[in-house]
Amino acid sequence: MADQLSPDEKYNLITRNLQEVLGEEKLKQVLQERELKVYWGTATTGKPHVAYFVPMSKIADFLKAGCEVTILFADLHAYLDNMKAPWELLELRVKYYEQVIKAMLESIGVPLDRLKFVKGTDYQLSREYTLDVYRLSSMVTEHDAKKAGAEVVKQVEHPLLSGLLYPGLQALDEEYLKVDAQFGGVDQRKIFTLAEKYLPSLGYAKRAHLMNPMVPGLTGTKMSSSEEESKIDLLDSKEDVKKKLKKAFCEPGNIQNNGVLSFVKHVLFPLRGEFCIKRDPKWGGDKIYTVFEDVEKDFAEELIHPGDLKASVEVALNQLLQPIRKKFELPELRKLTSLAYPDPSKTKTGGKGAKTGGGGGGGGEDDELVPSRLDIRVGKIVSVEKHPDADSLYLEKIDVGEAEARTVVSGLVAYISQEDLQDRSVLVLCNLKPQKMRGIESQAMLLCASVEGDPRRVEPLDPPEGSSPGERVFVEGYETGKPDERLNPKKKVWEKLQVDLNISDECVAQWKDKQLMTKLGQITCKTLKGGNIS
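Basis of the calculations
Residues numbered from 1 in each chain as written. Predicted model: local features only at pLDDT ≥ 70, side-chain atom pairs only at ≥ 80, totals over all residues. Heavy atoms only, no water. Phe/Tyr/Trp six-rings, centres within 6.5 Å; stacked < 30°, edge-to-face > 60°. Helix = DSSP H or I, 4+ residues; strand = E, 2+ residues; numbered from the N terminus. Buried < 20%, exposed > 50% of the residue type's maximum accessible area, 1.4 Å probe, protein only. Lys NZ or Arg CZ within 6 Å of the ring centre and 35° of its normal. Salt bridge = Lys/Arg side-chain N within 4 Å of Asp/Glu carboxyl O. pLDDT = per-residue confidence, 0-100. Contact = heavy atoms within 4.5 Å. Pairing = 2+ DSSP bridges. Axes fitted to C-alpha atoms, helices over the stretch in contact; angles between N-to-C directions.

S.K.: Could you clarify how one ought to interpret the packing of aromatic side chains in this entry?
M.R.: Applying the stated criterion to the full structure yields 12 aromatic pairs. Between F73 and F117, the ring centres sit 6.0 Å apart and the planes meet at 5 degrees, which makes this aromatic pair stacked. With a gap of 44 residues between them, F73 in strand β3 (residues 68–74) and F117 in strand β4 (residues 115–119) connect regions that are remote in the sequence. Of the residues examined, F117 reaches a relative accessible area of 23% and is grouped as partly exposed. Summarising the aromatic geometry, the rings of Y478 and W511 are spaced 5.8 Å apart at their centres and angled 90 degrees between planes, so their arrangement reads as edge-to-face. With Y478 in the loop between β18 (472–475) and α16 (493–498) and W511 in strand β20 (residues 509–511), this pair connects stretches of sequence that are 33 residues apart. Accessibility expressed as a relative area gives 19% for Y478, which makes it buried. Classification of W511 as buried rests on a relative accessible area of 3%. Just above the ring of Y11 sits the side chain of K28; from NZ or CZ to the centre is 5.0 Å.

S.K.: Got a minute to help me understand the pattern of salt bridges in this structure?
M.R.: Working definition: two side chains of opposite charge can pair if their charged atoms are close together. Summed over all chains, the structure comprises 18 salt bridges. Its salt-bridge partner being D484, residue R373 comes within 2.9 Å of it at the nearest N-O pair. With R373 in the loop between α14 (331–340) and β9 (376–386) and D484 in the loop between β18 and α16, the pair connects residues that are 111 residues apart, well separated along the chain. Accessibility classification places R373 together with D484 in one group, the buried group. The network of salt bridges with shared partners includes R16, K58 and D61.

S.K.: What exactly am I supposed to notice about the confidence of the model for the protein here?
M.R.: A residue-level look at the protein finds 82% of positions with pLDDT of 70 or above and a mean pLDDT of 83. Low pLDDT, under 50, characterises residues 347–366; the stretch is placed with 24 contacts to residues that sit more than four places away or in other chains. Every residue in residues 403–412 is under pLDDT 50, and counting partners more than four places away or in other chains gives 42 contacts.

S.K.: It is not clear to me how the environment of V313 should be interpreted in this structure. Could you clarify?
M.R.: Looking at where V313 falls in the secondary structure, it is placed in helix α13 (residues 306–327). Remark: the alpha-carbon pair of V313 and V241, spanning 72 residues in sequence, is separated by 10.0 Å. Discounting chain neighbours no more than four positions away, the residues touching V313 are L245, V260, F263, V264 and F275.

S.K.: Quick question: what am I supposed to make of the sheet that holds strand β1 (residues 20–22) here?
M.R.: The 6 strands lie next to each other as β1-β6-β5-β2-β3-β4, forming an open sheet whose pairing is mixed. The open sheet terminates on both sides in strands that have one partner only, identified here as β1 and β4. Ignoring strand direction, the axes of neighbouring strands in this sheet form an average angle of 20 degrees. Pairing geometry for strand β2 (residues 37–43) and strand β5 (residues 181–185), over 3 bridges, is parallel. Each residue of the ladder has a partner; that of Y39, found in β5, is Q182. Sitting on the sheet, helix α8 (residues 161–176) is in contact with β2, β3, β5 and β6 (208–212), with an inclination near 150 degrees to β2.

Structure representation (structure tokens):
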């Protein structure tokens, strides 16, 4: 097909449905002379989900246009991204990603023999690449590095050096993969502009950049590997697909932040060129659309019912997922899946240095870093006292329920008035190692929302009304995991998990975009939108 297309037709196919293109003239110039070389990379952390069909459908476009396409499994980047997984798991996840992405491409009819698959550490540990990392680090300021990773790397007041290195390494990948263009989501735009600014300073060519829009998940926000309710896993059963689509945000007539409608636009139409709305004959029967805008218009005018849209997407999605499910029924792939993504609720303790006794279920040397390891509970402040040796308060007694039958000291609490604390319900982290703070032993930590750079803006977190002391606080998707008996301070489990705790724009407490909750509902704060939790 590509041989029959003109350069302009190839350009239109390459850029359709993209949100933005940087370097249009460069692309057009290359296409006049030869086939375009483009790469797409993915950090091998969370499990790929159905939103990965969006870049896969664009990769299909690239191949139809005759492009030479490289897929990068960015294992080193995955490690640098806040060390979400140890090397042993990352090696297994690279294998999982390769198998599942190949299965996705086969599902949509993309020939694998025209693709090149590369693992990051196959070249990123070479002498030449390492020297270029140092050369680049001598040019890029901390400000530019932090700004470049703002949409991709977790932002904290005291960032790890790994997160600052991440954007520069991604820029260097363009040179070492010898491509003309890099393809990714629009959330990577700042990394792309950093590459355009600094690669020429190293004597390398400036590349073009192709950006997909960010497709909303089923909850109406960004589809995330770490947000269980927002995504459909590639190995989900038909029953799970039905259940998750049934819960999906799909308000009648609302075409904004509609993940179901976006999936039709960015996956089903590019792959099939049409979409069939399936419905009962009494409501007009099935209708085939050949233009997405017609689907969107009819939905906006409520001529398509949300239930019919969901049911039709369910049929189409299961057709895409079935070959993937079938492939992963193979015993070796089922074993790979369980090893690469172990169930956190089944993590075993034991062996050298293992904890014993009640409340275990985590803390072993090879345990995955998951929020269920934190023993966070609802507490009721019983008494607040002035600190005898400091101009601040401390919480003398907090009732954390009969489960522990004890009171705990929360340590020092600055910038919060005594009246704001007395007799109120709060959140308490209960499995830190006790330590003395200015002469008073702190057996737990009061969790508060705060604002970077303004230590006086602090608010305790609020559990749902009606919560009782001792109620467990959990992160969505991690309800069944058991907390460590004690968090090992040498392994900095709390510190590593804490960097992903934040307050949403709706004042809801989150860990990686997943809500903190009790059985009665979500955890909130009063006013500190976008704040941190510590």
